[in-house]
Amino acid sequence: CDFGAMTPTLKQCYEFLNLTSRSFAAVIQALDGELRDAVCIFYLVLRALDTVEDDMTIPIPVKVPMLKSFYKNLWDPNWNYTESNDKDRIVLENFPSISQEFRNLAEIYREVISDICQKMGDGMTIFLERKVDTMEEWDEYCHYVAGLVGIGLAQLFSASGQEDAIIGEDTSLANKLGLFLQKTNIIRDYLEDWNDKRIFWPRATWSKYASDLGDFALPENQEKAVQCLNDLITNTLELLPSAVLFMSRLKTQSIFNFVAIPQVMAIATLERCYNNPKVFSGVVKIRKGEAVRIMMGSTSLEKVKAIIRHFTLQIIERIPDTDPNASKTRAVCQKVLEVT
Ligand SMILES: CC(C)(C)CN1C(=O)[C@@H](CC(=O)N[C@@H](CC(=O)O)C(=O)O)O[C@H](c2cccc3ccccc23)c2cc(Cl)ccc21
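Residues numbered from 1 in each chain as written. Predicted model: local features only at pLDDT ≥ 70, side-chain atom pairs only at ≥ 80, totals over all residues. Heavy atoms only, no water.

Colleague: Would you explain the site of the ligand in this entry?
Modeller: Taken together, the neighbourhood of the ligand is formed by 17 residues, with Ser21, Arg22, Ser23, Tyr43 and Gly150 sitting nearest. Ser21 places a polar side-chain atom, nitrogen or oxygen, 3.3 Å from an oxygen atom of the ligand. Along the lines of polarity and charge, the residues of the shell around the ligand split into 11 nonpolar, 5 polar and 1 charged. (Near = heavy atom within 4 Å. Polar contact = N/O pair within 3.5 Å; in protein donor to acceptor, adjacent residues only side chain to side chain. Nonpolar A, V, L, I, M, F, W, Y, C, P; charged D, E, K, R; others polar.)

What follows is the structure, encoded as structure tokens:
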């Protein structure tokens, strides 16, 4: 980025980006032209909204109107929030710098970002007091917190002129990009969320294997825990063909990299989690070195297909014959192999 030509507040926004997102900030900064600033601001605004949703010190009667009206803060030069204790509170304390740069964006970008924030804020309030029960509700929750991000990003890509209109119009496909990432995060973060008393695993699935979600943290229930894990991973892998189709439509290298890297990190994470009891005793993270190798290798559709193929074959090799979902998992993996 040419920091020289930036306003002081835009420079500050890139500093916040590098503070709040470790490896991903570089990928955003590699985007071209107006899209780079639009995605940087979108990322920071979403980080601020997510920080409000995540802050357990904000009572629900206060949090609901905060989330529903959050998009209005984009137009209020003075709005900030200084009561947060979250690690990313910097984006809430300095929101005036972020909203200032939001207002400097072209109207086409402002409309997308404001619309997504309004829908996301509304959707988050639905799940503040309601747990995720059915698989449809799992998709609904993930739509609000991640699917909408995909829809917004796809609309920004088309608005910039760097991608065709179809990219921003096919909201169903863009939504699935987000569902794939969020479902992977929810699967990986079982223990961290359980310890924070947060439940994102859908009751419709876990209740087939236990009477309480906390049972999976007990070693004597390890076999049932792993069967539930494999069940959710199978459901998530069904989204991969849509992700491949979305990426096959992209024609700008920097946008392809930006979309592909998180998708490939997610399939690598799913493979590490599959049939892995360690999910219930710690957080299964991709090592930095492996992450860098994956990021370097995700620069073309053929390379990305080869990586997805690699991890899918790794999963197929580890499907236990005794797993209740074994045949379904094999069928879903076959469908992935057919498109990669
Ligand atoms: C919840 C989430 C998946 C939407 C978060 N999310 C992402 O995970 C980031 C990646 C990220 O932040 N990685 C972190 C790792 C971590 O924090 O765990 C890093 O520092 O490397 O990517 C996504 C993201 C990137 C590209 C295309 C997407 C399509 C649909 C939905 C999200 C998409 C993201 C794009 C935007 Cl604009 C905003 C948020 C996100």
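Colleague: Hey, could you run me through the nonpolar core in this one?
Modeller: In summary, soluble globular proteins display a tendency toward joint burial of nonpolar side chains. In this structure, Trp201, Phe216 and Phe258 are the most contacted members of the largest nonpolar core, which totals 122 residues. Sequence-distant contacts of Trp201, that is, excluding residues within four places in its chain, are made with Val132, Ile186, Ile187, Tyr190, Trp206, Leu213, Phe216, Cys228, Leu229, Leu232 and Phe280. (Core = buried A, V, L, I, M, F, W, Y, C linked by side-chain atoms within 4.5 Å. Buried < 20%, exposed > 50% of the residue type's maximum accessible area, 1.4 Å probe, protein only. Contact = heavy atoms within 4.5 Å.)

Colleague: Please clarify how the packing of helix H1 (residues 8–20) against helix H6 (residues 95–104) should be interpreted in this entry.
Modeller: Between two packed helices, both the angle of their axes relative to each other and the distance between the axes serve to describe the pair. Running from N to C, H1 and H6 cross one another at 115°; their axes reach a closest spacing of 9 Å. Viewed along their axes, H1 and H6 form a crossing whose handedness is left-handed. Counting all contacts with H1, which are made through Thr9, Leu10, Gln12, Cys13 and Phe16, the residues of H6 involved are Ser97, Ile98, Gln100 and Glu101. Here the residues of the contact of H1 with H6 are counted per class, giving 4 nonpolar, 4 polar and 1 charged. (Axes fitted to C-alpha atoms, helices over the stretch in contact; angles between N-to-C directions. Helix = DSSP H or I, 4+ residues; strand = E, 2+ residues; numbered from the N terminus. Left-handed = near helix turned anticlockwise from the far one by under 90°.)

Colleague: In this structure, what is going on with the packing of aromatic side chains? I would like to understand it.
Modeller: Given two aromatic rings, one states the distance between the centres and the angle between the planes to describe the pair. What the rule picks out here adds up to 16 aromatic pairs. Consider the rings of Phe24 and Tyr43, whose centres lie 5.8 Å apart with planes at 35°: the pair is tilted. Of this pair, Phe24 sits in helix H2 (residues 24–29) while Tyr43 sits in helix H3 (residues 33–54), and the two are 19 residues apart along the sequence. Pair check on accessibility: Phe24 and Tyr43 agree, each one buried. Between the aromatic rings of Phe127 and Tyr144, the centroid separation amounts to 6.3 Å while the plane-to-plane angle is 50°, which identifies the pairing as tilted. Here Phe127, found in the loop between helix H7 (107–126) and helix H8 (135–159), pairs with Tyr144, found in helix H8; they are 17 residues apart in sequence, far enough to count as distant. One exposure class covers both Phe127 and Tyr144, and it is buried. Ring-pair connections join several aromatic residues into one group, and the members of that group are Phe24, Tyr43, Phe157 and Phe258. (Phe/Tyr/Trp six-rings, centres within 6.5 Å; stacked < 30°, edge-to-face > 60°.)

Colleague: Help me understand the packing of H7 against H8, please; the structure alone is not making it clear to me.
Modeller: Two elements in contact, H7 and H8, have axes separated by 9 Å at closest approach and are oriented at 175°. Taken together, the axes of H7 and H8 lie roughly antiparallel to each other. Taken together, the residues of H8 that come into contact with H7 (itself represented by Ile108, Tyr109, Val112, Ile116, Lys119, Met120, Gly123, Met124 and Ile126) are Glu140, Tyr144, Val145, Leu148, Val149, Ile151, Gly152, Gln155, Leu156 and Ala159. Class assignment for the residues of the contact of H7 with H8 results in 14 nonpolar, 3 polar and 2 charged. (Parallel < 35°, antiparallel > 145°, perpendicular 65-115°, else oblique.)

Colleague: Would you mind going over the environment of Glu290 with me for this structure?
Modeller: Take Glu290: it is sitting in helix H16 (residues 288–296). Overall, Glu290 belongs to the buried group, its relative accessible area being 16%. Residues Glu290 and Met265, spaced 25 residues apart in sequence, show a C-alpha to C-alpha distance of 9.5 Å.

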